[in-house]
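Listed below are the residues making up each chain.
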Amino acid sequence: MDNMQLNGKTALVCGGSDGLGYGAATELAKAGAKIVLVGRSPAKLNEKKRTIDAINHMDNKTIELDFNNLEKVEQAMTDLVNSTPIHILINNCGGPPPGKLLDADIQSLQVAFGQHVLASHLISKKLIPVMKSSGYGRIINIISTSVRQPIMGLGVSNTIRGAMASWSKTLSLELADTGITVNNVLPGTTKTSRLDNIINAKKAKFKISEQEARSMMLAQIPMNRFAEVEEISRSILFLASPDASYITGVNLQVDGGKIKSI
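As the structure is a computational prediction, the values presented were derived from the model and not from experiment.

### Some thoughts on unusual backbone geometry
Positive phi outside glycine occurs at His 57, with the angle close to 55°. On the secondary structure map, His 57 appears in the loop between α2 (42-56) and β3 (61-64). On the accessibility criterion, His 57 (70% relative accessible area) is exposed. Even without being a glycine, Asn 224 presents a positive backbone phi close to 60°. Looking at the secondary structure, you find Asn 224 in the loop between α7 (210-218) and α8 (229-240).

This is how it looks when you write it as structure tokens:
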């Protein structure tokens, strides 16, 4: 569809050098958007930039950032908006380490809150005025199905993802009359390095084989398979496009039917 085209738009993709972030960047580039990749590893960023450059035939940008340093995040965004108008923001950060919530110390919660909620807030505050002046704005947060149903063994993640969802809904209401939309994508179990880590953790915890750990997870998914990165990325592309202009404040589950509630 023509409205899925993003020619003339620029997207800032956090966590863009790997996993779902890179998948989103790829789909947005295919639709004609220029991409600004944000990540911690210069080597990975440069490698993925070359691939993105070949997709959209542009000189895309990279920003090396660690979301543990919020002062640098704020400064980087100030520098960015002075040179590059951003129309689409993909907030995305790797999930906190697994474990029970009661086993987590205060610092773990503070670190995760900073990386997810505070970093997203700082970035959004810098970019929203630019979106308003350009007449186009999409903020899409890659979160988790734990927003709907807590995932056992991911105590800190469940807590922070819920905070992100509430932050997003509030922001969507405050921005609704500007035409800037704010939505969340809730990926189900997806074939990324994080899935490998979770499987390995289950292997160790239950002293089972990798196949048994996979089967244990697949049994919870009605479609009986893990999501491909592209399946999550295409939902992000839709929300970033003009086709989604009247959709804001929603949690879009892309989970193969895992969450049973209506």
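Here the narrative resumes.
### Quick notes on helix α3 (residues 70-81)
Helix length check: α3 (12 residues) gives 17 Å between terminal C-alpha atoms against 16 Å at 1.5 Å per residue, within 8%. Residues of α3 that are buried sit in contact with β1 (10-14), β2 (34-39), β3 and α4 (106-134).

### Observations regarding the nonpolar core
In this structure, Leu 6, Leu 28, Ile 35, Ile 90 and Ile 236 are the most contacted members of the largest nonpolar core, which totals 31 residues. Elements with a minimum of two residues in this core: β1, α1 (19-30), β2, α2, β4 (88-91), β5 (138-142) and α8. The residues touching Ile 90, leaving out its near neighbours within four places in the chain, are Leu 12, Val 13, Cys 14, Leu 28, Ile 140, Ile 142 and Ile 236. Formed by 30 residues, the second largest nonpolar core is a distinct cluster that contains Cys 14, Ile 86, Leu 89 and Val 182.

### Topic: the packing of aromatic side chains
As enumerated under the stated definition, the model contains 0 aromatic pairs in all. Residue placement shows Lys 48 over the ring face of Tyr 22; its charged tip is 4.4 Å from the ring centre. Sitting over the ring of Tyr 136, Arg 138 keeps its end group 4.4 Å from the ring centre.

### Focus on the pairing of β4
Alternating positions in β4 separate into two faces, Ile 88 and Ile 90 on one and Leu 89 and Asn 91 on the other, with burial throughout. Both β1 and β4 contribute to a ladder of 3 bridges, which runs parallel. Counterpart to Ala 11 in the pairing with β4 is Ile 88. Where β4 lies against β5, 4 bridges are found, and the strand directions are parallel. Bridge assignment links Leu 89 to a residue of β5, and that residue is Ile 139.

### Quick look at the pattern of salt bridges
Here the structure, examined in full by the defined rule, presents 8 salt bridges. When the shortest N-O distance is used, the salt bridge between Glu 27 and Lys 30 registers 3.5 Å. Of this pair, Glu 27 and Lys 30 both sit in helix α1, 3 residues apart, which is roughly one turn of that helix. Measuring nitrogen to oxygen at the nearest pair gives 2.7 Å for the salt bridge that ties Arg 225 to Glu 231.

### Some remarks on helix α6 (residues 193-206)
Between its terminal C-alpha atoms α6 stretches 20 Å, which fits the 20 Å expected from 14 residues at 1.5 Å a residue. One or two steps after α6, the chain reaches Lys 207, where phi turns positive at roughly 55°.

### With respect to the packing of α6 against α7
Two numbers describe how α6 lies on α7: the axes approach to 9 Å, and their chain directions differ by 110°. When the axis of α6 is compared with that of α7, the two are roughly perpendicular. In this structure, α6 crosses over α7, and the sense of that crossing is right-handed. Contacts between α6 and α7 involve Leu 195, Asp 196, Ile 198, Ile 199, Lys 202, Lys 203 and Phe 206 on the former and, on the latter, Glu 210, Ala 213, Arg 214, Met 216 and Met 217.

Cut-offs used in this document
Residues numbered from 1 in each chain as written. Predicted model: local features only at pLDDT ≥ 70, side-chain atom pairs only at ≥ 80, totals over all residues. Heavy atoms only, no water. Helix = DSSP H or I, 4+ residues; strand = E, 2+ residues; numbered from the N terminus. Buried < 20%, exposed > 50% of the residue type's maximum accessible area, 1.4 Å probe, protein only. Expected span 1.5 Å × (residues − 1). Contact = heavy atoms within 4.5 Å. Core = buried A, V, L, I, M, F, W, Y, C linked by side-chain atoms within 4.5 Å. Phe/Tyr/Trp six-rings, centres within 6.5 Å; stacked < 30°, edge-to-face > 60°. Lys NZ or Arg CZ within 6 Å of the ring centre and 35° of its normal. Pairing = 2+ DSSP bridges. Salt bridge = Lys/Arg side-chain N within 4 Å of Asp/Glu carboxyl O. Axes fitted to C-alpha atoms, helices over the stretch in contact; angles between N-to-C directions. Parallel < 35°, antiparallel > 145°, perpendicular 65-115°, else oblique. Left-handed = near helix turned anticlockwise from the far one by under 90°.

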